[in-house]
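# Analysis of the macromolecular model
Read off the chains here:
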Amino acid sequence: MNAISRMTTERILTRGDAPRERRYCKECGNPFWPSRHGQDFCPKSTCRSTFHQRRASRGTQLYDLAMEWRGKRRKGLFTELCRILDDWLYEDRERAKAHKVIREAHRRQLREGR
Ligand SMILES: [Zn+2]
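Residues numbered from 1 in each chain as written. Predicted model: local features only at pLDDT ≥ 70, side-chain atom pairs only at ≥ 80, totals over all residues.

Helix packing geometry: the angle between the two helix axes and the distance between the axes. Contact pair helix α2 (residues 45-72) / helix α3 (residues 77-111): the axes reach a minimum separation of 9 Å and the direction vectors enclose 165°. In terms of orientation, α2 and α3 fall into the roughly antiparallel class. Relative to α3, α2 is oriented so that their crossing is left-handed. Taking contact as the criterion, the partners of R58, Q61, L65, A66, E68 and W69 in α2 are, on α3, L77, F78, E80, L81, I84 and W88. By residue class, the composition of the contact of α2 with α3 is 8 nonpolar, 1 polar and 3 charged. (Axes fitted to C-alpha atoms, helices over the stretch in contact; angles between N-to-C directions. Helix = DSSP H or I, 4+ residues; strand = E, 2+ residues; numbered from the N terminus. Parallel < 35°, antiparallel > 145°, perpendicular 65-115°, else oblique. Left-handed = near helix turned anticlockwise from the far one by under 90°. Contact = placed C-beta atoms within 7 Å. Nonpolar A, V, L, I, M, F, W, Y, C, P; charged D, E, K, R; others polar.)

Taking 1.5 Å per residue as the helical rise, α3 with its 35 residues ought to reach 51 Å, and the 51 Å between its terminal C-alpha atoms agrees with that figure. Counted residue by residue, α3 has 0 buried out of 35 residues, so it is predominantly exposed. Directly after α3, the chain includes G113, whose backbone phi takes a positive value near 70°. (Expected span 1.5 Å × (residues − 1). Buried ≥ 20, exposed ≤ 12 C-beta atoms within 10 Å, placed from the backbone.)

To continue, consider α2. Helix length check: α2, at 28 residues, gives a terminal C-alpha distance of 41 Å against a target of 40 Å (1.5 Å per residue), a fit within 8%. Taking burial as the measure, the 28 residues of α2 include 0 buried ones, a minor fraction of the element. Directly beyond the C-terminal end of α2, a positive phi value near 55° is found at R73.

Attention now moves to unusual backbone geometry. Positive phi outside glycine occurs at R73, with the angle close to 55°. Summarising the element assignment, R73 is placed in the loop between α2 and α3.

The next point concerns the confidence of the model for the protein. Counting all residues, the mean pLDDT for the protein is 86, and 82% of those residues have values of 70 or more. In the model of the protein, helix α1 (residues 3-16) stands out as the element of lowest mean pLDDT, 44, in contrast to α3, which has the highest, 95. This model gives residues 1-13 a pLDDT under 50, and the stretch forms 1 contact once residues within four places in sequence are excluded. (pLDDT = per-residue confidence, 0-100.)

Moving on, we come to the environment of F51. Of note, F51 is situated in helix α2. Among the residues examined, F51 registers 16 C-beta atoms within 10 Å and is labelled partly exposed. The spatial distance from the C-alpha of F51 to the C-alpha of F41 is 9.1 Å, given a sequence separation of 10 residues. Those residues in contact with F51 that lie beyond four places of it in its chain are K26, E27 and F41.

Written out as structure tokens, the structure reads:
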């Protein structure tokens, strides 16, 4: 095997290896071992779809409201849009806080060897 094909093989094998670092699910916050690079969600089937369904639902709401606000020039809709965005930001921050609690408890368990 020459140097170029050996380098290519090594790169493919490295890219194909599962990451060896534990991660925390972007939706539920629970720890998991990823089976591939860039895996953001635990293997539980609902986490990935829940995350993307929430994004799609929020996008649809935003689209409808923005079209009505701009198309009909109705007063108060921009304020309503800001209120909805603030609610979502609050929800996301609360979810992040809950994930932090899970992550810290898990790391504490690992340190204490349980
Ligand atoms: Zn999850």
